[in-house]
Amino acid sequence: MSQLGKALNILLLEDDEADAVLLQRELEKTRLAFRLRRVSNQESFLAALEQPDLDIILGDLRLGAFDGLTALKLARQRVPTVPFVVVTGSTTEETAVECMKSGAADYVLKQHWVRLGAAIQSILKQREVRAMQEIAERALRASESRNRAVLDAALDCIVAMDAEGRIVEFNPAAERTFGRQRGDVIGEPMADLLVPPALRERHRRAFLHHLATGESTILNRRIEMTALRADGTEFPMEMAVTRIELHGTPLFIAYLRDISDRKESEQRLKASLQEKEVLLKEIHHRVKNNLQVISSLFNLETSFAKDQQVVSILRDHRDRVQSMALVHEQLYSSTDFAHVEFSDYLRRLAANLVRSFGANTIQARFEVEKVTLGVDTAIACGLIVNELISNALKHAFPNGRPGEIGVALHQNGGAAITLTVRDNGVGFPPGTDWQKSKSLGLQLVAILAEQLRATVGVTSGNGTCFDITLTETKTRP
């Protein structure tokens, strides 16, 4: 049975069957009685939120069309008192911070299943402490003997202070945490014993300001602070302070919890994320280097080839490989390993292609907005742009004719993005259907556009213009 005296009703939001099995096994290791209900989409998740006696929600972040962060926000709106633990394979510090800011009770990586049991135990402990705190507040209005029993049983520190800032209650948990005996602190100024010297003056000013105006920035909310032990060491604590009126005078009750272990865990998590950051950088660096080797092999083959058609094919393959290598090069120099700043990428890609073709008479013009795309989308879009610019450099300006190639990138509101590649060359011959062209490059454009669920519009008159509109771009949230 759980610490609350009944089997836990746990709702699991997970679309991966294998991960769900692993999670259930980890829950079984806790030896807590529980009932697990799994859902995998928004409709079933919202329906599950209506069930009574829901104790804990465990939710993945990556669920296809329905993401876990949205689920977290919906849960906070509909069942704000039910803890939501994020259980995910995501390792970015930004994602973890956003989840905690949105109200997650904890953040457990699938690589560290062992933390799941500890996270649930922590939630149960917090719930038990909150229940005991409510009992303590009622007991303060009742008899002294009942009050003493509740204070003695509390797992967290309970320290009461009168309107003069003197300690009037100090429970056993506070004795253990601060290393001071109740008889030694009763009647003494709380600030002189429990607050570090550097913070005492600020504490006194804030306390006097509250007594004079009733205003306070700490009452009835949880905050983190630094506290002082009897041996002079300082440590982090979580504190919640309430004010009650007892016989017409104010009494301030502070509920304090030593969070040293939690802070150490956060530091270990941060260090782990930094290690994975270094690993991802190295992976992108090695992928980029391997693609550069392949590109160099194509260059070497080109230098030996005599047939110009073969040279053209080899050069096309080399440029395609370089367009992919450029993505990994940009990721290596970025702090975000899941997204590519696509406007910068377009400029570098176009410059590489013009240089590759030795097209000194062709000018590249850019009209690009700052847009960030997911890696898979960026690679596909990069290959499309590579094929369209290469095709223009090959065919739009015959006999060394000067001209211009333009590249535009615009966010059209929401998730829609328009990518335009145009030239002022000779254009397609009348009656040409580009989708039925035997050109490998144009066939690749059609295939990649279909994979991206993009629409392609083509106009040919004074040159050729391709407008590609993407509606599912997986841009950064």
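Residues numbered from 1 in each chain as written. Predicted model: local features only at pLDDT ≥ 70, side-chain atom pairs only at ≥ 80, totals over all residues. Heavy atoms only, no water.

1. Some details on the nonpolar core
Basically, it comes down to this: To define a nonpolar core, start from buried Ala, Val, Leu, Ile, Met, Phe, Trp, Tyr and Cys residues and group those joined through side-chain atoms within 4.5 Å. Exposure categories follow from relative accessible area, calculated using a 1.4 Å probe and restricted to protein chains: below 20% of the type maximum is buried, above 50% is exposed, and the middle band is partly exposed. Numbering of helices and strands starts at the N terminus; helices are DSSP runs of H or I of at least 4 residues and strands are runs of E of at least 2. Residue contacts are defined here by distance: any two heavy atoms, one from each residue, within 4.5 Å place the two residues in contact.
Ranked by size, the top nonpolar core spans 41 residues in total, and within it Phe342, Leu346, Leu388, Ile389, Leu409, Leu419 and Ile468 carry the most contacts. Looking at this core element by element, the count peaks at 12 residues for helix α14 (residues 375-395). Leave out the neighbours within four places in its chain, and Leu419 touches Phe342, Leu346, Cys381, Val385, Ala408, Leu409, Phe466, Asp467 and Ile468.

2. So, the packing of aromatic side chains
Threshold: The rule is short: rings of Phe, Tyr and Trp, with Trp giving its six-membered ring, pair when the centres are within 6.5 Å, and they are stacked under 30 degrees, edge-to-face over 60, tilted in between. Look at NZ for Lys and CZ for Arg. If either is within 6 Å of the ring centre and within 35 degrees of the ring normal, a charge sits over the ring.
Scanning the entire structure with this criterion turns up five aromatic pairs. A centroid spacing of 6.1 Å and a plane angle of 50° characterise the contact between Phe45 and Phe66, whose relative ring orientation is tilted. Of the two residues, Phe45 is situated in helix α2 (residues 42-48) and Phe66 in the loop between β3 (56-59) and α3 (68-78); the sequence distance between them amounts to 21 residues. With a relative accessible area of 0%, Phe45 lands in the buried category. According to the relative accessible area criterion, Phe66 is buried, its value standing at 6%. In textbook terms, an aromatic cluster arises when at least three aromatic residues are bridged by ring pairs, as seen for Phe170, Phe178 and Phe235. It is Arg229 that lies over the ring of Phe235; its NZ or CZ is 3.8 Å from the centre.

3. A few points about the pairing of β3
Note the threshold: When DSSP finds two or more bridges between a pair of strands, those strands are recorded as paired.
Burial along β3 is two-sided: Ile56 and Leu58 facing one way and Ile57 and Gly59 facing the other are all buried. Bridging between strand β1 (residues 8-13) and β3 involves four bridges; their strand directions are parallel. Within β3, the position partnered with Ile10 by the bridge is Ile56. Two strands pair when backbone bridges link them, and β3 and strand β4 (residues 84-88) are joined in this way by three bridges, in the parallel orientation.

4. Digging into the environment of Thr420
To keep it simple, the criterion reads: Think of a polar contact as two N or O atoms within 3.5 Å of one another; within protein, one of them needs to be a possible hydrogen donor and the other a possible acceptor, and neighboring residues in sequence only count if both atoms come from side chains.
Structurally, the position occupied by Thr420 is in strand β15 (residues 417-423). Sequence separation of Thr420 and Cys465 is 45 residues, and the distance between their C-alpha atoms is 7.1 Å. Look past the residues within four positions of Thr420 in its chain and what remains in contact with it is Gly406, Val407, Ala408, Cys465, Phe466 and Asp467. Within the structure, Thr420 has its side chain in polar contact with the side chain of Asp467 (distance 2.6 Å).

5. Some points on helix α15 (residues 440-451)
Convention followed: Working rule for helices: expected span equals 1.5 Å times residues minus one. Here, the arc refers to the directions that run from the helix axis to the C-beta atoms.
With 12 residues, α15 ought to run about 16 Å at 1.5 Å a step, and its terminal C-alpha atoms sit 16 Å apart, in line with that. All buried positions along α15 are accounted for by Gly441, Leu442, Val445, Leu448 and Ala449. Along the axis of α15, the buried positions cluster into a sector of 125°, meaning they face one direction only. Among the exposed residues of α15, those oriented more than 90 degrees off its buried face are Glu450 and Gln451. One or two steps after α15, the chain reaches Arg453, where phi turns positive at roughly 55°.

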